[in-house]
Amino acid sequence: MVNKVAILTAGGFAPCLSSAMGGLIERYTNLSPTTEIIAYTHGYQGLLTGDYLPVTQAVRDAAHFLHLYGGSPVGNSRVKLTNTANLVKRGLIKEGDDALRVAADQLIADGVDVLHTIGGDDTNTTAADLARFLAEHNYPLVVVGLPKTIDNDIIPIKQSLGADTAADMAAGFAKNVLAEHNSATRHLIVHEVMGRHCGWLTAAAARKYRDWIKQTPWLPEIGLAQESWDIHGVYVPEAEVDLDGEANRLQGVMDEIGNVNIFLSEGAGVDNIVHEMESAGHSVPRDAFGHVQLDKVNPGAWFAKEFSQRVGAEKVTVQKSGYYSRSAPANDYDLALIKSMTDMAVDCALTGTPGVIGHDEEDGDTLKAIDFSRIAGGKHFNVSQQWYTELLSEIGQL
């Protein structure tokens, strides 16, 4: 019997958090209406401090409204339960405390039987740390996670919640941004897309944008030319960028059509940027998980600087679609994926089956609860797959 469950959302936003909460609440209401539900505010931060919102009957009755919204109604934060120094500094635990024990004790104090975590690789590896601690110390709790990340880079999960919507949003963002191409002559536009280690989102957004390009009528006689709206370069972390070679190719594009449009993953070239900063004696800002803070090192501006003079740009524009994309409400594809995963998450919780819900790429894409020990971040985008190589070939990059 599951008497009480807790939900938390953590990490960066993705277009699934609100809907995933809605799906969990709806499923519990249908299958176990007497189960009490609470939601910790701001992820693991709220768990450590005991701050939560009760899911009242009014919320249960209107849970379907949560599918209409992006963001997270209960808030997120980036908290790593094993980074003691950071947690002490932020005042979330006291000196000498073990954050995993603090979290476990808070769950027990709140009477929680099941914890649902909704987050990416950092959230779920932190959930794995917590689940392992609970098991080793005989805490009577089950942790069931849901995979959220627009990077789509969780091992071994085929498709993470919110990623497809984020790709849609990035493609839509690009339609307006790349319309700027003739606001000046010899215009270089860099569309920077989120993706720290994985280029999937950049590639998927480029694919969706080019699908739109192919289906749209053009009128080159009056200057409405497909070539000017098209993508001329796609750069992802998994592929080395030959700056000189690409600059020569893109200079030819600039000379021929008068503008250059680039889709850039924010993780592309970061090693070069970090090396350049450290060589110049600058410190590289990092978050609680040790990740380079990409908004501070600004990869889009770095690539724009590297390319602008080489291609003879007279105007340079760098636009980032990340926050626009990650806070959108889920599209139809993701809504269906969310429902299938939240239904299974509740079913697993009610039978006491822990793990992260997802289609297991190492088990025939079977939807199931994947053991936390197998969950990891940093899944690479396969740059050799056919649809991606065809995309690069179509834009002249291969």
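Before reading on, note that the structure itself is shown above.
These remarks concern the structure in this document. All of these numbers come straight from a predicted model, not from anything done at the bench.

Observations regarding unusual backbone geometry
Link 1 in the chain: A cis amide bond links Ile155 with the next residue in sequence, Pro156, at an omega value of 0°.
Link 2 in the chain: Note on placement: Pro156 falls in the loop between strand S5 (142–147) and helix H7 (163–177).
Link 3 in the chain: In this structure, Arg186 takes a positive phi of about 50° despite not being glycine.
Link 4 in the chain: Examined against the element boundaries, Arg186 turns out to sit in the loop between H7 and strand S6 (187–193).
Link 5 in the chain: One non-glycine residue, Asp365, lies in positive phi territory at about 60°.
Link 6 in the chain: You can see Asp365 is positioned in the loop between strand S10 (355–360) and strand S11 (366–370).
Link 7 in the chain: Using a relative accessible area of 31% as the deciding quantity, one classes Asp365 as partly exposed.

Remarks on helix H16 (residues 386–394)
Link 1 in the chain: Turning to H16, its buried residues are Trp387, Tyr388, Leu391 and Leu392. Mapping the buried residues of H16 onto a view down its axis gives an arc of 135°, with all of them on the same face.
Link 2 in the chain: Against helix H8 (200–215) and strand S7 (233–235) lie the buried residues of H16.
Link 3 in the chain: Residue Gly396 follows H16 closely and has a positive phi angle near 85°.

Describing the pattern of salt bridges
Link 1 in the chain: For the structure on display, the rule yields 20 salt bridges.
Link 2 in the chain: Across the pair Asp164 and Lys208 runs a salt bridge whose closest N-O atoms are separated by 3.3 Å. Placement of Asp164 in helix H7 and of Lys208 in helix H8 is noted, with a sequence separation of 44 residues between them.
Link 3 in the chain: You can call Asp164 buried: its relative accessible area is 14%.
Link 4 in the chain: With a shortest N-O distance of 2.9 Å, Asp363 and Lys368 are connected by a salt bridge.
Link 5 in the chain: Residue Lys368 is classed as partly exposed on the basis of its relative accessible area, which comes to 25%.
Link 6 in the chain: Here the salt bridges do not stand alone but share partners, grouping Asp360, Glu362, Asp363, Lys368 and Arg374 into one network.

The rules behind these values
- Residues numbered from 1 in each chain as written.
- Predicted model: local features only at pLDDT ≥ 70, side-chain atom pairs only at ≥ 80, totals over all residues.
- Heavy atoms only, no water.
- Helix = DSSP H or I, 4+ residues; strand = E, 2+ residues; numbered from the N terminus.
- Buried < 20%, exposed > 50% of the residue type's maximum accessible area, 1.4 Å probe, protein only.
- Arc of directions from axis to C-beta.
- Contact = heavy atoms within 4.5 Å.
- Salt bridge = Lys/Arg side-chain N within 4 Å of Asp/Glu carboxyl O.

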